[in-house]
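Listed here are the chains, written in short residue letters.
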Amino acid sequence: MGRRDKHNYYLDIAETVLERGTCLRRNYGAIIVKNDEIISTGYTGAPRGRKNCCDIGVCMREKLNVPRGTQYELCRSVHAEANAIISASRRDMIGAVLYLVGKDAKTKELVKNANSCTMCKRMIINAGIEKIVIRDTDNDYRIIEISDWIENDDSLTEEIGY
């Protein structure tokens, strides 16, 4: 067996980070890496000091049967990407890579076609992150150049995400 490639190595770490997630619907783990150094990590969870969905036993979006990718204002959680960005300095994030893994909270299966929501995309752009690597299967991933989001402004209106 050969050595694990860098992208899967960092995705494996992001997958471990998501285990701290507190969402009853989907949990994501994100890590920001620059020059082979982990700058910060983040997972899906309520703002500091507030109760998590797993603590109160209800996900409002799930309870209301809200479709994936819509009405995030009903969600208690801060997304993994946002938490990772909040924990890092912008100067450290410029040119960095964000690794993202999502799993269904009940089935523990990887989220199909995972992507950042429109709000997280805006934060990723403003943070100066260069690319995002998203896990699709245990060994496969997609690499998205953030410049594509900027050049193709329509991609920011896609409502595919959590």
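- If you look the protein chain up in an unreviewed UniProt entry, it shows as Cytidine and deoxycytidylate deaminase zinc-binding region from Clostridium tepidiprofundi DSM 19306.
- The record held by UniProt for the protein chain lists under Cofactor (unreviewed entry) the comment "Zn(2+)".

### As for the UniProt feature "binding site: Zn(2+)" (unreviewed entry) in the protein chain
Here comes step 1: As annotated by UniProt and renumbered to match this structure, "binding site: Zn(2+)" (unreviewed entry) occupies His79, Cys117 and Cys120. Across 42 residues of sequence, these annotated residues stay compact in space, with a maximum C-alpha separation of 8.9 Å.
Here comes step 2: Turning to its location among the elements, histidine 79 is positioned in the loop between helix H3 (60–63) and helix H4 (80–86).
Here comes step 3: With respect to the element layout, cysteine 120 can be found in helix H6 (residues 118–127).

### Observations regarding the pattern of salt bridges
Here comes step 1: Inspection of every chain in the model, using the stated rule, returns eight salt bridges.
Here comes step 2: Its salt-bridge partner being glutamate 62, residue lysine 106 comes within 2.5 Å of it at the nearest N-O pair. Taken together, the residues lysine 106 in the loop between strand S3 (97–104) and H6 and glutamate 62 in helix H3 connect sequence positions 44 residues apart.
Here comes step 3: With relative accessibility at 56%, the residue lysine 106 sits in the exposed group.

### Remarks on H6
Each α-helix turn comprises 3.6 residues. Residues three or four places apart therefore point the same way.
Here comes step 1: Along H6, the residues that are buried comprise Thr118, Cys120, Lys121, Ile124 and Ala127.
Here comes step 2: In this structure, the buried residues of H6 make contact with H4, helix H5 (90–93), S3, strand S4 (131–135) and helix H7 (146–151).
Here comes step 3: Of the residues trailing H6, glycine 128 is marked for its positive phi of about 90 degrees.

### Describing the packing of aromatic side chains
Here comes step 1: Scanning the model with the defined rule gives two aromatic pairs in all.
Here comes step 2: Taking the centre distance of 5.2 Å and the plane angle of 40 degrees together, the rings of tyrosine 10 and tyrosine 99 count as tilted. Separated by 89 residues along the polypeptide, tyrosine 10 in helix H1 (residues 6–18) and tyrosine 99 in strand S3 bring together distant segments of the chain. We note that tyrosine 10, like tyrosine 99, is buried.

### Concerning the nonpolar core
Here comes step 1: Counting residues in hydrophobic clusters, the biggest one holds 21 residues, and the most contacted among them are Ile32, Leu98, Ile124, Ile129 and Ile132.
Here comes step 2: At the level of secondary structure, the elements contributing two or more residues to this core comprise strand S1 (26–34), H4, S3, H6, S4 and H7.

### Some words on unusual backbone geometry
Here comes step 1: Unusually for a residue other than glycine, asparagine 65 sits at a positive phi of about 55 degrees.
Here comes step 2: Summarising the element assignment, asparagine 65 is placed in the loop between H3 and H4.
Here comes step 3: Phi at lysine 108 takes a positive value of approximately 65 degrees, unusual for a residue other than glycine.
Here comes step 4: Position of lysine 108 relative to the elements: it lies in the loop between S3 and H6.
Here comes step 5: For lysine 108, a relative accessible area of 49% translates into the label partly exposed.

### What to know about the pairing of S4
Here comes step 1: With four of five residues buried, S4 is to be regarded as a mostly interior element.
Here comes step 2: With four bridges connecting them, S3 and S4 associate as parallel partners. Looking at the pairing, leucine 100 lines up with isoleucine 134 of S4.
Here comes step 3: A crossover connection joins S3 to the parallel S4 through H6; in handedness this β-α-β unit is right-handed.
Here comes step 4: Two elements, S4 and strand S5 (residues 141–145), share five bridges in a ladder whose sense is antiparallel. Residue pairing for S5: arginine 135 is matched across the bridge by tyrosine 141.

Rules and cut-offs
- Residues numbered from 1 in each chain as written.
- Predicted model: local features only at pLDDT ≥ 70, side-chain atom pairs only at ≥ 80, totals over all residues.
- Heavy atoms only, no water.
- UniProt positions renumbered as here; feature names shortened; annotations may be inferred.
- Helix = DSSP H or I, 4+ residues; strand = E, 2+ residues; numbered from the N terminus.
- Salt bridge = Lys/Arg side-chain N within 4 Å of Asp/Glu carboxyl O.
- Buried < 20%, exposed > 50% of the residue type's maximum accessible area, 1.4 Å probe, protein only.
- Contact = heavy atoms within 4.5 Å.
- Phe/Tyr/Trp six-rings, centres within 6.5 Å; stacked < 30°, edge-to-face > 60°.
- Core = buried A, V, L, I, M, F, W, Y, C linked by side-chain atoms within 4.5 Å.
- Pairing = 2+ DSSP bridges.
- Right-handed = clockwise from strand over helix to strand, strands pointing away.

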